[in-house]
Amino acid sequence: MWSTASSEELPAGERFDWFADMVSREVVPTAIRSERPAEFRAEAAVLDAGDIRVSRLAYAPLRSRRTPALIRRSDPEQYQLALVSRSSMAMSQHGNDCRAEPGDLVLWDTSLPSVAESPARAGVGELVVLHLPRAALPLHTRGLGRLLAHRIPGGEGMAAMLGGFMSSLVASADRCTPEELERLGAVAADLAAACLARHLGADASLPPEVRAQALLRRIHAFIEQHLGDPGLTPAVIAAHHHISVRSLHQLFRGADETVGARIRRRRLERCRSELSRADPRRSPVQDIAARWGFTSAAVFSRSFREAYELSPTEFRALRVKEACAERTQR
């Protein structure tokens, strides 16, 4: 779950110092300066997704510097990859300079000095940042150096896919279980590695198993995004990812389930989650089933009973009874 905070919760005189301390503690130690600290406003949120951390920052115009002294004092030894989701951002590191616009991606290395700026005329800035341990990016350090403070256009290809995934993660993380967040963090790391490798022209340098896992993670993410589509089939998934249906099934061969089984399991899990919390008077069982891609009430009921040993109606009644008992105890 997101851990969130806002400067609005503090007196005006404390807001800038709070944000500077929060960034140094949760993102990376950085010296931040604002031309108007007394008017400064910001919001921050942090999410742990397995080995990957995600931070979301919204802030008034500022300038930040990561100096050699700060690096010596504390270094998480990460690559941090940011999606610029609002306003613009200027970045300098490792002899590179760039200006990134909304939708673009920017990479930096916490072990190297850097300067970043959100110009005053640009208004409120907003970033979504992936905190990537070095081991999460199986690419040569020298190659990655070419991408530091380099604008990665987000309008097409792998960058668009990664940016879209980061945005969807921000929107949906609070509805995910810790196990789901761990899987999504792994997806984000694989997508980031594949995106950076593509921009380095180094796809072939990725180990075959990493490339296969990156593709499998993209397929898993595609399935998650389209679970509600009753037309989601192996053929549709294969065509979207420019592979044959046979190749798709081969990718799943090392897993514990087939493509079809994964789609069915994830649909059932989403239905089960809704049945656990939705008001029975406002969300009939058949509506929930249809929302997650089941076109037949009979097939849904049979599949649900096979998975959970209760019919959907029995499961919901049990949850309602348990919730009433909990309220009574409180």
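Look a little higher up for the structure.
Conventions and cut-offs
Residues numbered from 1 in each chain as written. Predicted model: local features only at pLDDT ≥ 70, side-chain atom pairs only at ≥ 80, totals over all residues. Heavy atoms only, no water. Core = buried A, V, L, I, M, F, W, Y, C linked by side-chain atoms within 4.5 Å. Buried < 20%, exposed > 50% of the residue type's maximum accessible area, 1.4 Å probe, protein only. Helix = DSSP H or I, 4+ residues; strand = E, 2+ residues; numbered from the N terminus. Contact = heavy atoms within 4.5 Å. Pairing = 2+ DSSP bridges. Axes fitted to C-alpha atoms, helices over the stretch in contact; angles between N-to-C directions.

With reference to specific residues and values, describe the nonpolar core.
Within the largest apolar cluster, 43 residues are counted, with the highest numbers of intra-cluster contacts made by Leu105, Leu130, Leu162 and Leu196. Going through the elements one at a time, β3 (42-49), β4 (52-59), β6 (78-86), β9 (105-109), β11 (125-133), α4 (157-172), α5 (178-200) and α6 (208-225) are the ones with two or more residues in this core. The element that contributes the greatest number of residues to this core is α5, accounting for 13 residues. Apart from residues no more than four positions distant in its own chain, leucine 162 is found in contact with Leu81, Leu105, Leu130, Ala188, Leu191, Ala192 and Cys195. Met22, Ala42, Ala82 and Val84 belong to the second-largest nonpolar core, a separate cluster that totals 28 residues.

Now, about the sheet that holds strand β8 (residues 96-100): what can you tell me, with residues and values included?
Whether parallel or antiparallel, the strands of a sheet pair through hydrogen bonds between backbone atoms. Sheet architecture is open: 5 strands sit in the order β2-β5-β10-β7-β8, paired in antiparallel fashion. If you trace the sheet from one side to the other, it starts and ends with β2 (31-33) and β8, each paired once. The average undirected angle you get between the axes of adjacent strands in this sheet is 10°. In this sheet, strand β5 (residues 62-66) lies alongside β2 in antiparallel orientation, the contact comprising 3 bridges. Counted as the bridge partner of alanine 31 is arginine 65 from β5.

Describe the pairing of β9, listing the residues and the values that go with them.
Each regular strand shows side chains that alternate between the opposite faces of the sheet. Most of β9 is tucked away, with 5 of its 5 residues classed as buried. With burial as the criterion, each face of β9 is covered, one bearing Leu105, Leu107 and Asp109 and the other bearing Val106 and Trp108.

So what's going on with the sheet that holds β6? Which residues, and what values?
Read from one edge to the other, the open sheet built from 6 strands follows the order β1-β3-β4-β11-β6-β9, with strand pairing classed as antiparallel. Among the strands making up the open sheet, the edge pair consists of β1 (3-6) and β9. Averaged over all adjacent pairs, the angle separating strand axes in this sheet is 15°, with direction ignored. Across the face of the sheet, helix α1 (residues 15-26) comes into contact with β1, β3, β4 and β11 while running at roughly 15° to β3.

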